[in-house]
Amino acid sequence: MSLRLRLLWLAALAAPAVLTLVLIAVYGENVPQWDEYTMVTLFAQHDQGTLDAGSFWHLHNEHRPVLPRLILFGLAFLTDWDLRVELYVDFAVAVATFALLVVALRRTLPRQWFVAASVVTAVLFFSPMQWENWLWGWQLTWFLSNLAAVGVLWALTVTVDRAPRAGLALAIACGLVASLSLGSGLLLWPIGLALLLLRGRPWRIWAVAGVATIAVYLIGYERPAHHPSTTEFVKRPIDFAEYVLVYLGRAFGFDTATGGLAGVALVAVFAVAAGLALRRRGDGALLDRAAIWLGLGVYCLGAALMTGLSRLGFGPVQAGASRYTTTALLFGIATVALVFVLVTQPRPAGRALTPLLRFRLSYLVAGPLLLLGLVNTVDGADRFARHGRNLDRAAACVRQATSPRDPCLRHPSSGYEPEQSRGIAYSRRVGWGGF
């Protein structure tokens, strides 16, 4: 690759990240919103001398975000709880995840295919369609869990081949980070076990660590009383399927309906590609290159299924929430990478492919995703701006409100709930959180 082309490639990789960083800088607001008010309980316990390990271990909805809580707690004391700093920490974690994805692409694809796949990955990965997570420091749970998920899969498909003990140790550490960030991180234990068995690698230590982690995680576990029943999918299987498909495809659609159609296409392509890869599992070289993308795709699909089980009662529109696109976009990336791995094989489906046919097959998958990613960058940036303006109004409201009954606190964009009045009072008293 010439110097000019290399610079163009680097610019294409950097541009989506820079755009998102600029949007964060412009629209990020130093005001607590929604779940962030739960941190005030930890601050108060610290002041009263009652803070202990259990304070960080307790459930938040279906999750035990122990590590994000610890990180956000430490940042609060370093910055007087400046919520804007959390946004940049989230972005830094996302950059680390992207860098690991690029390294994985380079390992699994020939150079020209790697260049194309990495550009598609950059556009999708830094999509402003994730505006809710980019502007909400609490969502470190998503970014940290995804980084750890990619770390687990890298360790189990690459590091474990070079140094089995070090690879398993790294994978277990990343598995714990994922599990103690977001509930979907628990999926990595059975997925990792399947990858180790599929590739004939040592698996017993991993299995023991996984069983122990899940068992400890479930001690004292209680479902949120305000969430729909997890058996709802039995009564409404079609709605459940729609929820999962919207979850996976909304980032590539223009509304709930087109998001569902995009989800159908993505799941179909991934299923065919995964089936072809598994059918040729006797080809060690192919399996080595495909394993990380198989694992990542199944992880994202599992996260969609888990969310559907617990949130189906909220309806398919909720499945398209911006916060879910952070994981759903990884499903698109895994699908593109897996297809590229297959089409660069000499005989991916038992027959030789001409260079033109290889290009057409890869373009049929990557082309629409890249185009939709670019189109939705514009839509995402607009939603970014609208949400930023809502946060500005919310900040003005909570800073001037003198009573929990203040009319502005009743506006949905305020991110305020009546029980959060104690959090506002605490922040005002200590001068934290923009007060």
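Data block above holds the structure.
Parameters at a glance
- Residues numbered from 1 in each chain as written.
- Predicted model: local features only at pLDDT ≥ 70, side-chain atom pairs only at ≥ 80, totals over all residues.
- Heavy atoms only, no water.
- Phe/Tyr/Trp six-rings, centres within 6.5 Å; stacked < 30°, edge-to-face > 60°.
- Helix = DSSP H or I, 4+ residues; strand = E, 2+ residues; numbered from the N terminus.
- Buried < 20%, exposed > 50% of the residue type's maximum accessible area, 1.4 Å probe, protein only.
- Lys NZ or Arg CZ within 6 Å of the ring centre and 35° of its normal.
- Salt bridge = Lys/Arg side-chain N within 4 Å of Asp/Glu carboxyl O.
- Core = buried A, V, L, I, M, F, W, Y, C linked by side-chain atoms within 4.5 Å.
- Contact = heavy atoms within 4.5 Å.
- Axes fitted to C-alpha atoms, helices over the stretch in contact; angles between N-to-C directions.
- Parallel < 35°, antiparallel > 145°, perpendicular 65-115°, else oblique.
- Nonpolar A, V, L, I, M, F, W, Y, C, P; charged D, E, K, R; others polar.
- Expected span 1.5 Å × (residues − 1).
- Arc of directions from axis to C-beta.

**Description of the packing of aromatic side chains**
- Inspection of every chain in the model, using the stated rule, returns 24 aromatic pairs.
- For the pair Trp9 and Phe114, a centre-to-centre distance of 5.6 Å together with 65° between the ring planes defines the contact as edge-to-face. Placement of the pair is Trp9 in helix H1 (residues 3-27) and Phe114 in helix H6 (residues 111-125), with a sequence separation of 105 residues.
- With centroids separated by 5.0 Å and ring planes inclined at 25°, the aromatic side chains of Trp134 and Phe143 adopt a geometry described as stacked. Each of the two residues, Trp134 as well as Phe143, counts as buried.
- Cluster of aromatic residues (ring-pair linked, three or more members): Phe43, Phe56, Phe73, Phe77, Trp81 and Trp432.
- Positioned above the aromatic ring of Tyr217, the side-chain terminus of Arg64 is 5.6 Å from the ring centre.
- Of note, Arg323 hangs over the ring of Tyr324, and the distance from its end group to the ring centre comes to 5.1 Å.

**Quick notes on helix H2 (residues 39-48)**
- Regarding H2, the residues found buried are Met39, Val40, Leu42, Phe43 and Ala44.
- After H2 finishes, the residue Gly49 shows a positive phi value of roughly 75°.

**Some details on the pattern of salt bridges**
- For the structure shown, the criterion picks out 11 salt bridges.
- Between Asp82 and Arg84 there is a salt bridge, with the nearest N and O atoms lying 3.0 Å from each other.
- For Asp382, the salt bridge is made with Arg386, and the minimal N-O distance between the two is 3.0 Å. Of this pair, Asp382 and Arg386 are both found in helix H18 (residues 355-400), four residues apart, which corresponds to roughly one turn of the helix.

**Some remarks on the nonpolar core**
- Counting 123 residues, the largest nonpolar core has Phe43, Trp206, Phe252, Trp293 and Leu296 as its most contacted members.
- Per-element accounting of this core gives the leading share, 14 residues, to helix H8 (residues 140-162).
- Filtering out sequence-adjacent residues up to four positions away, Leu296 remains in contact with Leu101, Val150, Leu153, Leu330 and Ala334.
- With five residues, the next largest nonpolar core counts Val31, Tyr37, Val398 and Ile424 among its residues.

**Description of the packing of helix H17 (residues 325-343) against H18**
- Taken N-terminus to C-terminus, the directions of H17 and H18 make an angle of 175°; their axes are 10 Å apart at the nearest point. Between H17 and H18, the interaxial angle falls into the category roughly antiparallel. Across the interface between the two elements, Gly332, Thr335, Val336, Val339, Phe340 and Val343 from H17 touch Arg358, Leu361, Ser362, Val365, Ala366 and Leu369 from H18.
- For the contact of H17 with H18, the residue count by class is eight nonpolar, three polar and one charged.

**Some remarks on helix H11 (residues 204-217)**
- Helix length check: H11 (14 residues) gives 20 Å between terminal C-alpha atoms against 20 Å at 1.5 Å per residue, within 8%.
- What H11 keeps buried is the set Trp206, Ala207, Ala209, Gly210, Thr213 and Tyr217. The buried residues of H11 occupy one face: seen down the axis, they fall within an arc of 165°. Exposed side of H11, more than 90 degrees from the buried face: Arg204, Ile205, Val208 and Val211 are the residues found there.
- The elements touched by buried residues of H11 are helix H3 (53-57), H8, helix H9 (164-179) and helix H10 (188-198).

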